Structure formats: structure tokens, C-alpha cells
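Listed below, chain by chain, are the residues.
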Amino acid sequence: MERIMLGDAEIIRVVEWEGPFVPARRIVPGLPAGEWERNADWLAPDHWDRAGDDYRGALQTWVVRHGGRTVLVDTSVGDGRQRPHSPHFHDRRSDFLDRLEAAGVRPEDVDVVVNTHLHADHVGWNTVARDGEWVPAFPNATYYLPAADHAAIDPDGPESGPAPADADARVWREERRLMFADSIAPVVRSGQAVLWEGGHRLDEALTLEPAPGHTPGSSVLRLASRGERAVFVGDLLHSPVQLLHPTCNSCFCEDPARAAASRQRVLQRAADTGELVVPAHFAGAGAVEVRRAGSGFAVSRWAA
């Protein structure tokens, strides 16, 4: 695991899985032809498997310790989830909680869980199976969930928004129903969930802000400590190749126009203020500082 010190905050990366995920041409379908190969010198091997032409990514959680509190940013896939149409997520078994404990974090130590958005690979360890039921994995934590995403996937609520362009709508609805039942509804029933909208300040260092498009309620978490800054961007970025073409979305974005606008806005601020950009799925160093470069952005420095 990697640790980053930012002001008085400690940031720890806990990886559940890392490796080739989907064909590179699929993950960011709008890229100009040949863009992966043209940038092979810095995309391979961490972010692109050149031999198989596959996108490489990670399933992971970021731990933030600041002011005596422990915060988890996204909770990856989880164990025993029924995701029959998502082979990477279906009925997994991992040692994630052991890895979290190796980072010095026991379930009862967690004060806050932030789900940047409600996709299956960001909410799985919200819960664990106990006596045949799904219960909150972190018994003392407050879970912050975007209200717009909760409304969109609640099976008792109105339908809200289309499936991503390459998704079968029936399969999409079924996967969301399963995810809601095992990873969302249990923390809401427990009374531990806060459904927020319009922005939310967690404390003097951490602020949630809307960044819609990838999902209706996609958000970023900003950290500021002693003049240093980071922004946890969830799935605004799936691959660093999107820095070159910030208008290009991943294949999983539900509202492409809004996703591109959110990405551009967040990256512009990061470049102008020196924020460390911390995506959910970057392999390699996992986090990056960026600078403006023409109509896009470039890597200024990978996280140490």
C-alpha cells in the first residue's frame, strides 16, 4: 500500500485488485485512433497493457486520516456480490478487510464512508454478510451517499436517466437492483446514511461537491490541509489518457455532455491550484498532479 502526506492529512491507498480490465478501445471510445500507441512511453505498463491492447486499472479504496478521524473514499467491489453480467465483480472473494487492517484501519475505527457515486465498484464494502443478511461493514461510520444517485437506483423510485451507451437497459436495471439491495439499502435502513445534495462540508478539511455526468449524483471530495490540496474525483477519470482529451468520456458515463463538463472544470481547478488529483481507478502511482497543455492537460508529477 502507498501512503501520501498532504499537510496534516495522511492518505493511504488500499488496493482490492489491479490488472487488465477491458480493451483499451472500449474504455474511452471517443479517443482519436492510435492515441494509446502514441503515448505508450508513459501509459505502459501501468495504465495500458500494450501486448493485449487492454486498459489497466485498479479497484481500490482511499483512506484519509485527518483531525483524529478516519475516512474511506469509495469501498470497491466487495465479497459475494451477485453481479452475473459483470465478470470482474461477480461473486468475488478477496482479503480486502485484511489489507485495510494492515493499513491500521479496523472496521470499528472508520468514522466516515464517502461513496463518490453509486456504481457497484464503489459501494461493495459498504456492507458485509452476517447471519444471512447484509449489514454495514463499518458499524460506527456515517455513510455519505449522493441523493441524486440514490433516487436514480431506488427500485421503489421513479426511473431516472438512461443506461450508458454500450449497456443493455434490462441488464443495467437488474444490476442496479442487486447493488441497491446488498450495498445501499442496508446502510440506509441502519440509520447510518446521509443522502446529501448541493454540496456538503464534512469538517474543516473535507468538502463534498457535485460533479454530475458519470452518474446523476457523481461527486468529488476536496481535501485542504495546511495549504496543500487534493481532490478525490471518483470516475471523472478512468485512465490518464483522458487528461489529453478531457472531453472524451469513459464508456460508463451516463450523461456524456455533463460528464465532460465536470471533468474539464475539475481538472482546470486542479491545474491552476496545484491540487493532487486522486481518481478511483488509476493503477501505477494512483494519483497525479496536472498542468494545462493546449486544449487538455498533462502529467506534471505522479504522486510519490
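Residues numbered from 1 in each chain as written. Predicted model: local features only at pLDDT ≥ 70, side-chain atom pairs only at ≥ 80, totals over all residues. Heavy atoms only, no water.

Thoughts on the overall build of the chain
So, step 1. Broken down by element type, the chain carries 9 helices and 17 strands.
So, step 2. What you see for the chain is a C-alpha radius of gyration of 18 Å, in line with the 19 Å of a compact globule of 304 residues.
So, step 3. Buried positions account for 56% of the 304 residues belonging to the chain.
So, step 4. The contacts in the chain between residues at least 6 apart in sequence include a share of 69% that link residues at least 24 apart. (Helix = DSSP H or I, 4+ residues; strand = E, 2+ residues; numbered from the N terminus. Rg over C-alpha atoms; globule rule 2.2 N^0.38 Å. Buried < 20%, exposed > 50% of the residue type's maximum accessible area, 1.4 Å probe, protein only. Contact = heavy atoms within 4.5 Å.)

A look at helix 9 (residues 256–273)
So, step 1. Given a rise of 1.5 Å per residue, 18 residues ought to cover 26 Å, and the 26 Å separating the end C-alpha atoms of helix 9 matches this to within 8%.
So, step 2. Listing the buried residues of helix 9 in full gives A259, A260, S262, R263, Q264, V266, L267, A270 and A271.
So, step 3. Count one or two residues on from helix 9 and you reach G274, which has phi positive near 75°. (Expected span 1.5 Å × (residues − 1).)

Digging into the nonpolar core
In summary, soluble globular proteins display a tendency toward joint burial of nonpolar side chains.
So, step 1. Residues W36, L100, F138 and Y143 are the most contacted members of the largest nonpolar core, which totals 42 residues.
So, step 2. Every element with two or more residues in this core is listed here: strand 2 (9–23), helix 1 (24–27), helix 3 (40–43), strand 4 (54–66), helix 4 (96–102), helix 5 (120–123), strand 9 (142–146) and helix 7 (169–189).
So, step 3. When residues in this core are grouped by element, the largest group, 5 residues, is from helix 7.
So, step 4. In this structure F138 touches L72, T75, L100, P107, V110, V113, W125, Y143 and Q192, once residues within four positions along its chain are discounted. (Core = buried A, V, L, I, M, F, W, Y, C linked by side-chain atoms within 4.5 Å.)

Overview of the side chain of E16
So, step 1. Inspection of the secondary structure puts E16 in strand 2.
So, step 2. In terms of polar contacts, E16 uses its side chain to reach the side chain of W125, at 3.0 Å.
So, step 3. Residues within four places of E16 in sequence aside, it is in contact with L59, Q60, S76, V77, G78, D79, R92, S94, F96, R99 and W125. (Polar contact = N/O pair within 3.5 Å; in protein donor to acceptor, adjacent residues only side chain to side chain.)

So, the packing of aromatic side chains
So, step 1. Taken as a whole and judged by the stated rule, the model has 6 aromatic pairs.
So, step 2. Among the aromatic residues, those joined into a cluster by ring pairs are W17, F21, Y55 and F89. (Phe/Tyr/Trp six-rings, centres within 6.5 Å; stacked < 30°, edge-to-face > 60°.)

Observations regarding the pairing of strand 5 (residues 69–73)
So, step 1. Of all 5 residues in strand 5, 4 are buried, a share of seventy percent or more.
So, step 2. Bridge analysis of strand 4 against strand 5 gives 5 bridges, and the strand direction is antiparallel. Looking across to strand 5, one finds that V63 is bridged to L72.
So, step 3. Between strand 4 and strand 5, which pair antiparallel one after the other, the connecting turn spans 2 residues, and G67 there sits at a positive phi close to 60°.
So, step 4. Pairing of strand 5 with strand 6 (residues 112–114) involves 3 bridges; the strand directions are parallel. Each residue of the ladder has a partner; that of V71, found in strand 6, is V112.
So, step 5. Once the chain exits strand 5 it traverses helix 4 before rejoining the sheet at strand 6, and the crossover so formed is right-handed. (Pairing = 2+ DSSP bridges. Right-handed = clockwise from strand over helix to strand, strands pointing away.)

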